[in-house]
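Observations on the model geometry
Spelled out from the first residue to the last, the chains are:
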Amino acid sequence: MFLPWLKIGGSGLTAVVLVLTASPKDIKLFTPANVVAITLASYAGLELRKLQKHYEDKEREEDMLAAMKDTQATEQLQYLSSASERKRLNVDADKETERQLKLLQQTAPLFSEVLAVTGQNGAVSRMALGMIQNGESLGNVLLATSEAEMQLEQAKLQAQIHHRQLELQTQQVLKSANTQEVTVTNSIKGVSDVAPQSPKIEGLTKAAKVVGLQTQCLRVDKAPSYERLIFSVKTEDFNSLSKLKAATKLSLGISEKSDLPFYIYAPEQIAVEIPLLPEDRTYYDFPQRQWQSGERLIVLGQSLDGEVVINLASEDTPQLLCVGTTGSGKSNLFRAIAYCLLMQGARVDICGGKVSDYEDFAERFPSISLNDMGKTFEYVGEYFLECDRRNKMTKAELAQESAWLLEIDEYKGTVPLDDNLRKTYDQQLCEVARRGRGLKIHVAIGLQRGSKRSKDDPQALPPDLRDNLPCRIAFRCVDATSGRMILMRRGEAVTSLQGRGDGIVQSGLLDRRFQAYRFETIP
Ligand SMILES: Nc1ncnc2c1ncn2[C@@H]1O[C@H](COP(=O)(O)OP(=O)(O)OP(=O)(O)O)[C@@H](O)[C@H]1O
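Residues numbered from 1 in each chain as written. Predicted model: local features only at pLDDT ≥ 70, side-chain atom pairs only at ≥ 80, totals over all residues. Heavy atoms only, no water.

Remarks on the overall build of the chain
Counting its secondary structure elements, the chain contains 14 helices and 14 strands. Expressed as a percentage of its 523 residues, the buried residues of the chain come to 43%. In the chain, the share of contacts with a sequence separation of at least 24, taken over all contacts with a separation of at least 6, comes to 64%. Counting only carbon and sulfur atoms, one obtains 56% of the accessible surface of the chain, whose full area is about 28700 Å². (Helix = DSSP H or I, 4+ residues; strand = E, 2+ residues; numbered from the N terminus. Buried < 20%, exposed > 50% of the residue type's maximum accessible area, 1.4 Å probe, protein only. Contact = heavy atoms within 4.5 Å. Areas by Shrake-Rupley, 256 points an atom, 1.4 Å probe, with all protein chains shown as cover.)

See below:
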């Protein structure tokens, strides 16, 4: 900056000197000296103007830089303050979760205990608690709870109707026998209706005495794999019911690990399902029946209320999830399911499990395919594309299509270990289950045990797939966790099942214990 100032100063000074020293008398020098002085002064003026511009630019630049710095600082400040706000919110949320967990831990046993003994909806609340503890979403818990409550109400209503019918029948019998009219109440009369010498009844009565309860056996229903004892219980102390269950298990010699289904049957009546000895059980062979082409019925077996049939065309039972330990009767049921669908004209693809179980099917049914477990991925892909194809059809066109059923037994073994393949497999299978229900495309998935998908168990069933398999069938499982994962209510009951086709089916309002039909040879 020094040089411009030097130039300006030099030229200005020279101009002044020239003006002052040029004498007007010496005209020859005076005029050129003044011209040079004016030129130098103009030059100094121009330089001064340039310098002024330079300083103005510099000042503007500094202003701009200062403004930019200010904006950046404001942005950084905003960012920092929102980051600290987020952190604060996260810390608050963590604290809230921790508080809720603590509360749940403290209240869960109490909650379970209290609800178990407060009578009519103890089982429902226990189920809800079990689901919450298993990480089920609150929405699902509420749905399942309301469903279970509806069922309970229905059961109570049915029981009341049944009881009323019994009263009427007894009155009629007594009238016709010309004897004095008596009413069947929940009194000692009930005991005389059933075999008093039954060790099961004696066991339960003894257990009731031990916990200080008065009970009378009102009825015994014989199911294929268990006996259902209906007892009257009158108590103000509901705590005694859980004690009665524990005492009954002891007196009947039922191990700690097995559940003894014990539930409210009607007001002041409880039902107990006591397993039959293997030699006392009733097995049924798969029956001969007339099939209608185009229907999608699956005939499961026999229950206390008669034959149990599910319809894949129904909203509640389009896709199946079945769990059962080895020997429980899962493969037998899967054979029966394949047979039912084939007899109604469906295409059936068997993947996973023991394909050799279906050798006899291949000769009889051209629309069955038997595949190695490794091929499941390909079949899921084909079903996925078929869903796409059918999705574009009109109702009339869809009606012409035959039903498809993909059976994946031993599901775990079919899940790819490679992360990318597994992602595709999960996504496609879930889509098939979700969209297939309206497109006559069905899946039946079999598991040895129910476990949660996690990093340690990447081949377990993902929750979104499970949610899209609404019809649940459970056979005997060694631990209650599997039951709770699969069944929507009374999951513990799986440990009370006796194996060899003794099962529970649940879907929508359907909740039935049944004995599956034995499927040894194709009928
Ligand atoms: N509904 C049934 N009625 C009578 N017996 C049955 C029934 N289901 C299965 N069984 C018998 O129980 C045994 C085991 O059946 P199944 O093979 O179906 O069990 P699983 O659960 O598939 O076991 P695995 O995984 O070892 O094959 C067989 O001997 C079979 O005959």
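Next comes the rest of the account.
Topic: the packing of helix α10 (residues 376-391) against helix α12 (residues 419-436)
For the pair α10 and α12, interaxial distance at closest approach is 9 Å and the crossing angle is 45°. Here α10 lies oblique to α12, going by the angle between them. You can see that α10 and α12 cross each other, and the crossing is left-handed. Where α10 abuts α12, its residues Thr376, Phe377, Val380, Gly381, Tyr383, Phe384, Cys387, Asp388 and Asn391 lie against Leu421, Thr424, Tyr425, Gln428, Leu429, Glu431, Val432, Arg435 and Gly436. Counted by class, the contact of α10 with α12 contains nine nonpolar, six polar and three charged residues. (Axes fitted to C-alpha atoms, helices over the stretch in contact; angles between N-to-C directions. Parallel < 35°, antiparallel > 145°, perpendicular 65-115°, else oblique. Left-handed = near helix turned anticlockwise from the far one by under 90°. Nonpolar A, V, L, I, M, F, W, Y, C, P; charged D, E, K, R; others polar.)

Things to note about the nonpolar core
Core analysis: the largest hydrophobic core is formed by 39 residues, its most contacted members being Phe286, Leu300, Phe361 and Val505. Among the elements of the structure, β5 (297-303), β6 (306-311), β7 (320-323), α8 (330-343), β8 (347-352), β12 (471-474) and β14 (510-516) are those that each provide at least two residues to this core. Element by element, the count of residues in this core is highest for α8, at nine residues. In this structure, Tyr379, Ile441, Cys477 and Ala493 belong to the second largest nonpolar core, which totals 36 residues. (Core = buried A, V, L, I, M, F, W, Y, C linked by side-chain atoms within 4.5 Å.)

Focus on α8
Taking 1.5 Å per residue, 14 residues should reach 20 Å; α8 reaches 20 Å between its end C-alpha atoms and fits that length. For α8, a buried count of 11 out of 14 residues is recorded, marking the element as mostly surrounded by other parts of the structure. Restricting attention to buried positions, one finds in α8 the residues Lys330, Leu333, Phe334, Arg335, Ala336, Ile337, Ala338, Tyr339, Cys340, Leu341 and Leu342. Looking one or two residues beyond α8, the residue adopting positive phi is Gly345, at roughly 90°. (Expected span 1.5 Å × (residues − 1).)

Focus on a nonpolar patch on the surface
A cluster of nonpolar side chains, contributed by Met1, Trp5, Leu48 and Tyr55, occupies part of the molecular surface with about 410 Å² of accessible area. Position of Met1 relative to the elements: it lies in the segment before α1 (2-21). (Patch = residues over 30% accessible without salt bridge, like charges linked within 9 Å, V, L, I, M, F, W, Y side chains within 5 Å. Salt bridge = Lys/Arg side-chain N within 4 Å of Asp/Glu carboxyl O.)

Side note on the sheet that holds β7
The strand order across the open sheet formed by 10 strands is β6-β5-β14-β13-β12-β7-β11-β10-β8-β9, and the pairing between neighbours is mixed. The sheet is open, and its two edges are formed by β6 and β9 (368-371), each paired on a single side. Taken over all neighbouring pairs, the strand axes of this sheet differ in orientation by 25° on average, direction set aside. Direction of pairing for β7 relative to β12: parallel, over a ladder of four bridges. (Pairing = 2+ DSSP bridges.)

Description of unusual backbone geometry
A positive phi angle, near 60°, is found at Lys440, a position not held by glycine. Among the secondary structure elements, Lys440 is positioned in the loop between α12 and β11 (441-447). A positive phi angle is found at Arg500, which is not glycine, with a value near 50°. Mapped onto the fold, Arg500 is located in the loop between α14 (480-486) and β13 (502-507).

Let's talk about the site of the ligand
Surveying the vicinity of the ligand reveals 18 residues, the closest of which are Thr326, Gly327, Ser331, Asn332 and Ala516. Ser331 is positioned with one of its side-chain polar atoms (N or O) 2.4 Å from an oxygen atom of the ligand. Elements represented by at least two residues in the shell around the ligand include exactly α8 and β14. Counting residues per element, the shell around the ligand draws most heavily on α8, at three residues. Of the residues in the shell around the ligand, the class split is three nonpolar, 10 polar and five charged. (Near = heavy atom within 4 Å. Polar contact = N/O pair within 3.5 Å; in protein donor to acceptor, adjacent residues only side chain to side chain.)

Describing the pairing of β9
Where β8 and β9 come together, four bridges link them in parallel fashion. Residue pairing across strands places Ile350 opposite Leu370, the latter belonging to β9. The parallel pair β8 and β9 is bridged by helix α9 (residues 359-364), and the resulting crossover is right-handed. (Right-handed = clockwise from strand over helix to strand, strands pointing away.)

Things to note about the packing of helix α6 (residues 199-210) against helix α7 (residues 239-252)
Relative orientation of the contacting elements α6 and α7 amounts to 135°, with a least axis distance of 8 Å. Looking at the two axes, α6 sits oblique to α7. Seen from above, α6 lies across α7 with right-handed handedness. Note on element contacts: α7 touches α6 through Leu244, Ala247, Thr248, Ser251 and Leu252, opposite Pro199, Lys200, Gly203, Leu204, Ala207 and Ala208. Considered class by class, the residues forming the contact of α6 with α7 number seven nonpolar, three polar and one charged.

Focus on the UniProt feature "binding site: ATP" (unreviewed entry) in the chain
Within the UniProt annotation, "binding site: ATP" (unreviewed entry) is assigned to Gly324, Thr325, Thr326, Gly327, Ser328, Gly329, Lys330 and Ser331. On the basis of relative accessibility, which here comes to 1%, the residue Ser328 falls in the buried class. Once you skip the residues sitting within four places of it in the chain, Ser328 turns out to touch Phe475, Arg476, Gly499, Arg500, Gly501 and Asp502. In this fold, Gly329 is placed in the loop between β7 and α8. Once residues within four sequence positions are removed from consideration, Gly329 is found in contact with Phe475 and Gly501. (UniProt positions renumbered as here; feature names shortened; annotations may be inferred.)

Examining the sheet that holds strand β4 (residues 269-275)
Taken in spatial order, the four strands line up as β1-β2-β4-β3 in an open sheet, and their pairing is antiparallel. Unpaired on one side and paired on the other, β1 (215-222) and β3 (262-266) mark the two borders of the sheet. Neighbour-to-neighbour, the strand axes of this sheet turn through a mean angle of 30°, independent of strand direction. Bridge count between β1 and strand β2 (residues 226-233): seven bridges; the pairing is antiparallel. Considered in β2, the bridge of Lys222 is made with Glu227. Contacting β2, β3 and β4, α7 crosses the sheet at an angle of about 120° to β3.

Quick notes on the side chain of Thr317
Assignment of secondary structure puts Thr317 in the loop between β6 and β7. Residue Thr317 is classed as buried on the basis of its relative accessible area, which comes to 6%. Each residue touching Thr317, except ones within four places of it in the same chain, is listed here: Ile310, Asn311, Leu312, Cys471 and Ser507.

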